[in-house]
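Below, each chain spelled out in residue letters.
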Amino acid sequence: MDKLSPWLDAIRTHTEWSDWLLVLLAPLFMLVVGVEWWRFRHAKRSAPDGSTPPIYDLRDSLDSLNLGGFYTLLDVLIVVTLVLPAMDWVFAHRLGSIDITPLSFAALYLGVEFCYYGFHRASHRIRWFWCAHAVHHGSEFMNFTAAMRQSWLYSFAGNWLFYLPMVWIGFEPRWVLLALSINLGYQFFVHTQWVNKLPAWFEFIFNTPSHHRAHHGRNPRYIDCNYGGTLIVFDRLFGSFVPETEAVDYGLVRPVHTHNLLWLTLHEWAHMLRDAMRPGPLGLRLKHIWGPPEWERAHVPSAAQAADNPPHASKRPARPHDPAHP
């Protein structure tokens with residue numbers, strides 16, 4: 001315990017309630033999970049092979065909850081020891097200062113949403129970031145516990161770098177992180193099959209369960225779409241919006257069937273390093289790191305294709321449409 005004391009003292013000294021927002025919301029999240037589980041405890045959906053998988057799977061949900069619990073606590077520690085000092089340095093070299101008012105916080109929130117869209121899109125189109133983000137897409141079930149399935153290595157991958165522009169233009173780092181925490185808290189509630197479609201005006205502006213179900217699909221039409229956090233407007237503006245029009249087949253194109261939390265966290269990093277260390281020109285090998293996840297299949301001669309990444313699209317048929325649980 002004595003060895004942990006310096007870390008605990010640092011957390012107590014350098015954190016505020018806003019840094020713990022997602023932790024403070026955990027009881028609410030767990031209550032919502034319990035209510036959803038009770039509602040769907042006997043519910044099933046049809047699969048292409050004629051089976052009827054449940055909405056909830058105990059082992060899968062436990063994996064998500066354990067990954068999310070470790071991620072939340074580890075993220076607070078990394079924010080205190082790495083992210084806040086880096087943001088403070090950028091803030092010390094800022095262009096100006098922006099005081100927080102209701103209007104300026106609304107502008108900050110919109111800016112953070114735009115930064116999140118950039119981070120999320122990069123997390124699907126740059127393999128380095130995908131290595132962390134793939135953990136979140138690993139579940140083949142869509143329920144509130146899937147929202148908690150997060151990578152322990154997000155901060156290592158550099159997700160926080162995408163929000164530095166908001167600090168540089170003059171927003172104090174803790175306000176930026178508070179806006180991000182609210183954004184992430186909202187996103188918890190879009191991971192569900194409970195809600196079908198919301199009013200058209202809401203679906204047009206905001207990210208919704210319908211939009212996010214499509215985002216989690218490995219159906220060919222749903223690959224790499226709907227990156228918004230709270231809003232869906234940037235997807236509409238930049239051409240990445242796809243409506244939910246067919247039943248969603250959830251999960252990774254290259255699924256990882258394990259309950260080992262360490263391998264669930266590291267599997268895509270291991271695959272990326274394996275590909276980068278294969279013989280070949282250095283430039284092509286490094287492109288495994290910054291190219292899109294499906295890059296090698298499209299650019300390496302056919303003799304090498306069979307052992308490498310499959311296309312970033314699914315060949316599996318979509319699950320039959322269930323009107324009760326689209």
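The shown structure was predicted, so the numbers you read here are calculated from the model rather than taken from an experiment. (Residues numbered from 1 in each chain as written. Predicted model: local features only at pLDDT ≥ 70, side-chain atom pairs only at ≥ 80, totals over all residues. Heavy atoms only, no water.)

Our next topic: the overall build of the chain. Within the chain, the secondary structure is distributed over 16 helices and zero strands. Each of the 326 residues in the chain was classed as buried or not, and the buried ones make up 48%. For the chain, the share of sequence-separated contacts (at least 6 apart) that also reach a separation of at least 24 residues comes to 74%. For the chain, the accessible area works out to roughly 15800 Å², and carbon and sulfur atoms hold 69% of it. (Helix = DSSP H or I, 4+ residues; strand = E, 2+ residues; numbered from the N terminus. Buried < 20%, exposed > 50% of the residue type's maximum accessible area, 1.4 Å probe, protein only. Contact = heavy atoms within 4.5 Å. Areas by Shrake-Rupley, 256 points an atom, 1.4 Å probe, with all protein chains shown as cover.)

Between helix α4 (residues 58–92) and helix α13 (residues 261–276), the shortest axis-to-axis distance is 10 Å and the interhelical angle comes to 75 degrees. Relative to α13, the element α4 lies roughly perpendicular. Packed against α4, whose contacting residues are Asp63, Asn66, Leu67 and Phe70, the element α13 presents Leu261, Leu264 and Thr265 at the interface. For the contact of α4 with α13, the class distribution of residues is four nonpolar, two polar and one charged. (Axes fitted to C-alpha atoms, helices over the stretch in contact; angles between N-to-C directions. Parallel < 35°, antiparallel > 145°, perpendicular 65-115°, else oblique. Nonpolar A, V, L, I, M, F, W, Y, C, P; charged D, E, K, R; others polar.)

The topology assignment puts Asn207 in the loop between α10 (200–205) and α11 (209–215). Of note is the side chain of Asn207, whose polar atom sits 3.2 Å from the backbone oxygen of Gly228. Engagement of the side chain of Asn207 in a polar contact is seen with the backbone oxygen of Gly229, the distance being 3.0 Å. Leaving out residues up to four positions away in the same chain, Asn207 has contacts with Tyr186, Val190, His212, Gly228, Gly229, Thr230, Leu231 and Ile232. (Polar contact = N/O pair within 3.5 Å; in protein donor to acceptor, adjacent residues only side chain to side chain.)

Take the pattern of salt bridges next. All chains considered together, the criterion is met by 11 salt bridges. A salt bridge links Glu140 to Arg218; its shortest N-O distance comes to 3.3 Å. Taken as a pair, Glu140 in the loop between α6 (127–133) and α7 (154–157) and Arg218 in the loop between α11 and α12 (233–238) lie far apart in primary sequence, 78 residues in all. In this structure, the salt-bridge partner of Glu268 is Arg254, at a minimum N-O distance of 3.2 Å. Within this pair, whereas Glu268 is found in helix α13, its partner Arg254 is found in the loop between α12 and α13, the two being separated by 14 residues in sequence. Under the relative-accessibility criterion, Arg254 is labelled partly exposed at 25%. Shared partners join several salt bridges into a network, and the residues in it are Arg127, Arg254, Glu268, Arg274, Asp275 and Arg278. (Salt bridge = Lys/Arg side-chain N within 4 Å of Asp/Glu carboxyl O.)

It is worth spelling out α4 at this point. Its 35 residues place the ends of α4 48 Å apart at the C-alpha level, agreeing with the 51 Å of an ideal helix rising 1.5 Å per residue. Its maximal kink placed at Val79, α4 deviates by approximately 50 degrees. Where α4 starts, the residue carrying a side-chain oxygen 3.3 Å from the main-chain nitrogen of Arg59 turns out to be Asp57. (Expected span 1.5 Å × (residues − 1). Bend = angle between axes of the 7 residues up to and from the residue.)

Turning to the packing of aromatic side chains, a few remarks are in order. With the rule as written, the count across this model stands at 25 aromatic pairs. With 5.2 Å between their ring centres and 65 degrees between their planes, Phe114 and Phe234 make a pair best called edge-to-face. One end of the pair, Phe114, is in helix α5 (residues 102–125); the other, Phe234, is in helix α12, with 120 residues separating them in the sequence. Ring geometry for Trp128 and Phe156: centres 5.6 Å apart, planes at 40 degrees, overall tilted. Pair noted here: Trp128 is in helix α6 and Phe156 is in helix α7, with a separation of 28 residues, a long-range link. Since its relative accessible area comes to 54%, Phe156 is described here as exposed. Across from the ring centre of Trp38, 3.6 Å away, lies the NZ or CZ of Arg41, which sits over that ring. The ring centre of Phe241 lies 4.1 Å from the NZ or CZ of Arg236, which sits over that ring. (Phe/Tyr/Trp six-rings, centres within 6.5 Å; stacked < 30°, edge-to-face > 60°. Lys NZ or Arg CZ within 6 Å of the ring centre and 35° of its normal.)

On to empty space enclosed by the protein. Summed over all chains, the structure comprises three cavities of 30 Å³ or more. Lining of the second largest cavity is provided by 14 residues; of these, Trp130, His137, Gly217, Ile223 and Gly251 occupy positions nearest its centre. For the lining of the second largest cavity, a count of residues per class yields five nonpolar, seven polar and two charged. (1 Å grid on protein atoms, 1.4 Å probe; cavity = no way out; pocket = protein on both sides within 12 Å on 5 of 7 lines; lining within 4 Å. Points joined across faces, edges and corners; volume = space filled by probe spheres on them.)

Judged by side-chain polarity, Leu28, Leu31, Val35, Phe189 and Trp194 come together as a nonpolar surface patch covering roughly 450 Å² of accessible area. Examined against the element boundaries, Leu31 turns out to sit in helix α3 (residues 26–40). (Patch = residues over 30% accessible without salt bridge, like charges linked within 9 Å, V, L, I, M, F, W, Y side chains within 5 Å.)

With that out of the way, let us pick up the nonpolar core. One recurring pattern in soluble globular proteins: nonpolar side chains tend to sit buried together. Core analysis: the largest hydrophobic core is formed by 32 residues, its most contacted members being Met87, Leu108, Val112, Tyr163, Met166 and Val176. Among the elements of the structure, α4, α5, α6, α7, α8 (164–168), α9 (173–188) and α13 are those that each provide at least two residues to this core. The leading source of residues in this core is α4, at eight residues. In this view, Met87 contacts Trp160, Tyr163, Leu164, Val167, Pro173 and Leu177; residues no more than four positions away in its chain are not counted. Of all hydrophobic cores here, the second largest spans 11 residues; its members include Ala43, Tyr56, Ala147 and Met148. (Core = buried A, V, L, I, M, F, W, Y, C linked by side-chain atoms within 4.5 Å.)

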